[in-house]
Amino acid sequence: MATVGQACLILSLAVCAFGIGASIYGARAGRRDWVAAGRRSVYALALLSTAAFVVLEVAFLTSDFHYQVVATHSSTTTPFFYRFAAAWSSQEGSLLLWIWLLSMWSSLVLFLVRRRMRDVAPYAQAVLLGFGAFFAGLLVFAASPFGVVAVAPTEGTGLNPLLRHPSMMIHPPMLYSGYTLWAVPFAFAIGALIVRRVDAEWIRATRRFALAAWFFLGVGILLGARWSYSELGWGGYWAWDPVENASLLPWLTGTAFLHSIMVQEKRGMLKVWNASLILITGTLAILGTFLVRSGILDSIHAFGASTLGVPFVTLIGAMIVGSLVLVVTRREALRTEHHLDSLLSRESVFLGNNIVLVGLAFVVFWGTFFPLISEAVTGTKAAVGPPWFDQYTVPLALMLVLLSGIGPVIAWRRATWSNVRRGFLWPVVAAAVVVVGLVSFGVATNGAAVIMFALGAFVLSVVAQEIVRGAGARRAMSGDGSLRAAASLFQRNRRRYGGYTVHVGMSVLFIGVAASTAFQNARDVRMVPGQSAKVGGYVVKYVKPTTREVWRGGRLERIALGADLEVRKGGKRVARLHTERGYYPNPAPFATGSLVRGIFEGEATSEVGMKAGLLRDVWTAVQPDPDNLNKVIDGLAARTQGKPAAEQGRAVAGLLDFYRQGAFPSQFRLITSPLVAWIWLGGLIVFAGGLIALWPAPDGARGRVRGRLAARVAQDLGRA
Amino acid sequence: MDPFRKRRIRLVVALTAALLLAGALVYTSFAASSDAVSPSGLLKDKGAPGRSYQLTGKVVNGSVQRGGNSMTFRVRDRNGATSVPVRYTGTVPDPFRDGREVIITVRRQGAVYAGERDTLVTKCPSKFSDKQSTPTPS
Amino acid sequence: MNVLEPLLVIALLGAVVWLISAPLRAGAAAADEAGGAQRADLEAAKETKYGEIREAELDRRTGKLSGNDWREVDRQLRAEAVEILARIDALGDTPSR
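Residues numbered from 1 in each chain as written. Chains lettered and ligands numbered in written order. Predicted model: local features only at pLDDT ≥ 70, side-chain atom pairs only at ≥ 80, totals over all residues.

### Quick notes on the overall build of chain A
And then number 1: The number of helices and strands found in chain A is 21 helices and 10 strands.
And then number 2: Expected size for 720 residues packed as a compact globule is a radius of gyration near 27 Å; at 29 Å, chain A falls within 12% of this value.
And then number 3: Overall, chain A is about 105 × 70 × 60 Å in size when its C-alpha atoms are taken along their principal axes.
And then number 4: Within chain A, the fraction of its 720 residues that count as buried is 55%. (Helix = DSSP H or I, 4+ residues; strand = E, 2+ residues; numbered from the N terminus. Rg over C-alpha atoms; globule rule 2.2 N^0.38 Å. Buried ≥ 20, exposed ≤ 12 C-beta atoms within 10 Å, placed from the backbone.)

Okay, structure coming up:
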């Protein structure tokens, strides 16, 4: 079926090329039929890339090692579930996933606006097909997933064990959905600029897509953080790693965009800014896609240096130059309709929020690309570490949370002092109570953390007050009960109250980040069974070593050396934890005829032992010291050299027995960290808010308003 | 004051503030950064005591020794044999092992280079080396 | 298998060409719905305008627009809504919904 897959890719490229031409010709000549043919090219691209993706997935699921990508990224010992995800662990497969998602979202948006935006849509579909052509071109000429060999190897090299985690199923597709969704508002912005139709129409048509992009990218980022925390043996969730940063950049500028478009919709201001923001965001999304795969920056996510540098840099360069030219030549059309009336207004708070978010993005961008910048300036590659990032991101994050509390309350155009007093009295009191409480309980050892807690209380009470007042207003109109009024408030103003929910979630998340970084206790200790160590008021005892072997399909997938731990606080047992380290034997030494020889030579992964709680996580990870086993391994290897599989298996079992009985010291990392759960909880609230805002408004509400207004408007018409 | 002048002044103030902040950003990034060096670069002319460097290279086969709460290993040039000793305390990433490419922030302390806590990063190879093809027993 | 693959490829090619060329084959007939497109744009604009009127009212009730500001905004929004309705009516007699 590789021929069919390859044919799909070539056809995709042809369809994209035709579609770009048809769309542009149709728009210039005013030929609707050609524009429709261009739109159908997008649908055809979706069809073809779906077919190609299915062909590749079938090859992975059936372990067809004729395909080179399958042989190098999967194996028969790779669990069935992960073979599915192994497809996008390869560069070729991830590019195919990209174009598939892009074609799906593009088809959806073009279908939705098929009877609208007749001027903008043809150019937008040309831009979307342009992205399609770029990725289809890469797949055809540079990185085809359908390369085959005549004689298939009997076994593949397998999915890297580090990637065998349920998150692998969701984390990359979420990030890629986010990246590809940004292409939609990007394309419509380009279209709107080309035809100089820069009212809020293109924003309204694609706002939901921008929101969805923000949503998926956010879910992807948070899943990555969670993955890192629960799976990698270092106990952190964010490390300012270039690839993490690359996904954060479009998320930051995209968040700014989602806020500032409200100013354009309401007041016709900030048009240049909005167009620039979405153009930047789209470019950053492509940059993020590229960085993940490029290896130009040192990262833990180095997927091997890519050969795609030149095409990607060309694309990014073209996007930047094209955007600049469009914005500059259209600056007359982008002239603002109003000016800022007062610094004390909703508009200026939105502007402040945008400046902070773009500032954050700039800091992250600068720090991420600093190795390249410093090499260009001084000739030596130099890097900045997390402390440098924290120095700027902490104050900016504090400002952001503050603004997210002010924004929902303050009036448009010009706020009066009575408006300010009415809106902020109780939230300020709440923040002050939190500060006084923390200081009197002696928790105020970290200034930034205390400020964050106070600001969190401020935002939470602002939103609570908003909901109560909104529900009050609703009750006055409809006479419903309080709860019903609050529910219908959310239902009728999904975007607004979804947004407020996001603010609540972000505050909760930031409280978790502040507490878990400021008040974390971490220790690295070496213990033998029976010993204990203290960390943050807890006593952790190494009870006994454990071992495990996992066989799959008659082959040893991995062995695990672990530890049973007992956690006590004040003499009372709090938890029993188990942490282990899995070793995936290196397949190569099998050739030398001894399984036990290669047992520690392959990849290793950590399994964290954790007691998570709403207030505090106790986190443990073990690093056994296989060096103690070297002598035994030598002996066993000599005895079982070239012997049949059953004997090899017995040698492994013997080795594990030996490890369990000898009381070898192991290295442990023990962490107690407060409020980490709030980060995940806050994330869930954020995404609930995002879903509320994304959900379409109910028809009923629209109908009633239409009825009421129609009467009124008809009356006006009659008079005129 | 007429609104046009007021806006102009606001713009100038905002731009000045932004420029100052950007200047601070640029300055601190150059001041706080650590040069990325290879072991031979570290030995040649750099490696002033007290300065921190971002050492990149490969772990020398068989050089990893664990003892107490810290571990020692040697890091060699990516393509070469020149190596320097490193002492390190902190988390060891899962993919860390002989021959792997690592990045670590170090400062010179006498004859060895002390790694800063938790700065050890091991590049995670996207796949096992597929050059050695893999016949299996049984 | 070897016979099947080229057949599949040809079938795919045919399906794609058929799908894309449909509007070109229909030719000028498709151009008739131009008025429909304008109507859809106006309907969307009308929906948004109604949404804005509702928003402004909620803003006033929760204290984010002063009474004077609201009256001004509301009057302007309603005038714009009237204009949109007039343009929809001008398109012809097909009922909007």
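### Overview of the overall build of chain B
And then number 1: Helix and strand counts for chain B come out as 2 helices and 8 strands.
And then number 2: Across chain B, helices and strands are ordered from the amino to the carboxyl terminus as α-β-α-β-β-β-β-β-β-β.
And then number 3: When the 138 residues of chain B are sorted by exposure, 30% land in the buried category.
And then number 4: Sequence separation of 24 or more characterises 46% of the internal contacts of chain B that already satisfy a separation of 6 or more. (Contact = placed C-beta atoms within 7 Å.)

### Points about the confidence of the model for chain B
Note: predicted coordinates in regions of low pLDDT should not be interpreted at a detailed level.
Residues and elements named next belong to chain B.
And then number 1: When pLDDT is averaged along chain B, the result is 76, and 82% of the positions lie at 70 or above.
And then number 2: When pLDDT is averaged over each element of chain B, strand β5 (residues 83-89) comes out on top at 88 and strand β3 (residues 65-67) at the bottom at 75.
And then number 3: Here residues 125-138 is a poorly scored stretch, pLDDT under 50, and it has 31 contacts once near neighbours within four places are set aside; other chains count.
And then number 4: Predicted complex metrics record ipTM = 0.79 and pTM = 0.88. (pLDDT = per-residue confidence, 0-100.)

### A look at the sheet that holds strand β2 (residues 521-527) of chain A
Residue and element names in this part refer to chain A.
And then number 1: Strand order in this open sheet of 4 strands is β2-β10-β9-β8, and the pairing throughout is antiparallel. Two strands close off the open sheet at either side, each with one partner strand: β2 and β8 (609-611). Sheet twist, expressed as the average angle between the axes of neighbouring strands with direction ignored, equals 15°.
And then number 2: Bridging between β2 and strand β10 (residues 666-674) involves 7 bridges; their strand directions are antiparallel. Paired with Ala522 across the two strands is Ile671, which belongs to β10. (Pairing = 2+ DSSP bridges. Axes fitted to C-alpha atoms, helices over the stretch in contact; angles between N-to-C directions.)

### Looking at the interface of chain C and chain A
And then number 1: On the side of chain A, 41 residues touch chain C, which itself brings 40 residues to the contact.
And then number 2: Elements supplying a minimum of two residues to the side of chain C that touches chain A: α1 (4-26), α2 (34-61) and α3 (67-90) of chain C.
And then number 3: Tallying contributions element by element places α2 of chain C first for the side of chain C that touches chain A, with 14 residues.
And then number 4: Considering only residue class, the side of chain C that touches chain A consists of 24 nonpolar, 7 polar and 9 charged. (Nonpolar A, V, L, I, M, F, W, Y, C, P; charged D, E, K, R; others polar.)

### Some details on the sheet that holds strand β3 (residues 532-535) of chain A
Two orientations exist for strands paired in a sheet by backbone hydrogen bonds: parallel and antiparallel.
Residues and elements named next belong to chain A.
And then number 1: Strand order in the open sheet formed by 5 strands is β3-β4-β5-β6-β7, and the pairing between neighbours is antiparallel. Of all the strands in the sheet, just β3 and β7 (604-607) have a single pairing partner and so form its edges. Taken over all neighbouring pairs, the strand axes of this sheet differ in orientation by 30° on average, direction set aside.

### A few points about the arrangement of the chains
And then number 1: Most contacts, among the 2 pairs of chains that meet, fall between chains A and B.
And then number 2: If you take every C-alpha in chain B and every C-alpha in chain C, the smallest gap between them is 20 Å, and the two do not touch.

### Quick notes on the packing of helix α12 (residues 346-378) of chain A against helix α13 (residues 386-406) of chain A
Residues and elements named next belong to chain A.
And then number 1: Relative to each other, α12 and α13 sit at 160°, their axes nearing to 10 Å. One finds that α12 runs roughly antiparallel with respect to α13. Relative to α13, the crossing made by α12 is left-handed. Each of Val349, Gly352, Asn353, Val356, Leu357, Gly359, Leu360, Val363 and Gly367 in α12 lies in contact with α13, whose residues at this interface are Trp388, Phe389, Tyr392, Thr393, Leu396, Met399, Leu400, Leu403 and Ile406.
And then number 2: Broken down by class, the residue content of the contact of α12 with α13 amounts to 13 nonpolar, 5 polar and no charged. (Parallel < 35°, antiparallel > 145°, perpendicular 65-115°, else oblique. Left-handed = near helix turned anticlockwise from the far one by under 90°.)

### Overview of the nonpolar core
Nonpolar side chains in soluble globular proteins tend to be buried together.
And then number 1: Core analysis: the biggest nonpolar cluster contains 202 residues, and Leu48, Ala183 and Ala189 of chain A have the highest contact counts within it.
And then number 2: Listed in part, the 26 residues of the second largest apolar core include Val384 of chain A together with Ala36, Val86 and Leu120 of chain B. (Core = buried A, V, L, I, M, F, W, Y, C linked by C-beta atoms within 7 Å.)

### Examining the environment of Lys534 of chain A
And then number 1: For Lys534 of chain A, the position within the fold is in strand β3.
And then number 2: C-alpha separation for the pair Lys534 of chain A and Trp619 of chain A, spaced 85 residues apart in sequence, amounts to 13 Å.

### Observations regarding the packing of helix α9 (residues 242-267) of chain A against α12 of chain A
Geometrically, a packed helix pair is captured by the angle between its two axes and the distance between the axes.
Residues and elements named next belong to chain A.
And then number 1: Across the interface, α9 lies against α12 with an axial gap of 9 Å and an inter-helix angle of 160°. As judged from the angle between their axes, α9 and α12 are roughly antiparallel. Classified by chirality, the crossing of α12 by α9 is left-handed.
And then number 2: Residue composition of the contact of α9 with α12, grouped by class: 15 nonpolar, 8 polar and 2 charged.

### Some points on α13 of chain A
All names here are of chain A.
And then number 1: Between its first and last C-alpha atoms α13 spans 29 Å; for 21 residues at 1.5 Å apiece the expected length is 30 Å, and the two agree.
And then number 2: Approximately 30° is the largest bend angle found in α13, and it occurs at Thr393, with the proline Pro395 only one to four residues beyond.
And then number 3: The set of residues buried in α13 consists of Trp388, Tyr392, Ala397, Leu400, Val401, Leu402, Leu403, Ser404, Gly405 and Ile406. (Expected span 1.5 Å × (residues − 1). Bend = angle between axes of the 7 residues up to and from the residue.)

### Examining unusual backbone geometry
All names here are of chain A.
And then number 1: Positive phi outside glycine occurs at Met117, with the angle close to 45°.
And then number 2: Position of Met117 relative to the elements: it lies in the loop between α5 (91-112) and α6 (121-142).
And then number 3: Taking the C-beta count within 10 Å as the criterion, Met117 has 26 such neighbours and is therefore assigned buried.
And then number 4: For Trp240, which is not a glycine, the phi torsion comes out positive at approximately 55°.
And then number 5: With respect to the element layout, Trp240 can be found in the loop between α8 (201-231) and α9.
And then number 6: Taking the number of C-beta atoms within 10 Å as the measure of exposure, Trp240 has 18 and is therefore partly exposed.

### Structural notes on the pairing of strand β4 (residues 538-552) of chain A
Along any regular strand, the residues point their side chains to alternate faces of the sheet.
All names here are of chain A.
And then number 1: Two elements, β3 and β4, share 4 bridges in a ladder whose sense is antiparallel. Along β4, the bridge assignment pairs Ser532 with Lys541.
And then number 2: Counting the residues between successive antiparallel strands, the hairpin from β3 to β4 contains 2 residues, one of them, Gly536, with a positive phi of roughly 50°.
And then number 3: The antiparallel hairpin formed by β4 and strand β5 (residues 555-569) contains 2 residues in its connecting segment, where Gly553 sits at a positive phi of about 60°.

### What to know about α8 of chain A
And then number 1: In a regular helix each residue adds 1.5 Å, so 31 residues correspond to 45 Å; α8 of chain A covers 45 Å between its end C-alpha atoms and thus fits that length.
And then number 2: Most pronounced at Arg207 of chain A, the bend in α8 of chain A amounts to some 50°.

### Overview of the pairing of β5 of chain B
Residues and elements named next belong to chain B.
And then number 1: Across the two faces of β5 the burial differs, with Val84, Val86 and Tyr88 buried and Ser83, Pro85, Arg87 and Thr89 not buried at all.
And then number 2: Linking two consecutive strands that pair antiparallel, namely strand β4 (residues 70-76) and β5, is a turn of 6 residues.
And then number 3: When β5 meets strand β7 (residues 112-115), the two strands line up parallel, connected through 2 bridges. Across the sheet, Arg87 pairs through a bridge with Ala114, a residue of β7.

### Here we look at the environment of Phe60 of chain A
And then number 1: Within the secondary structure, Phe60 of chain A is located in helix α2 (residues 32-61).
And then number 2: Sequence spacing of Phe60 of chain A and Thr283 of chain A is 223 residues, and the spatial spacing of their C-alpha atoms is 32 Å.

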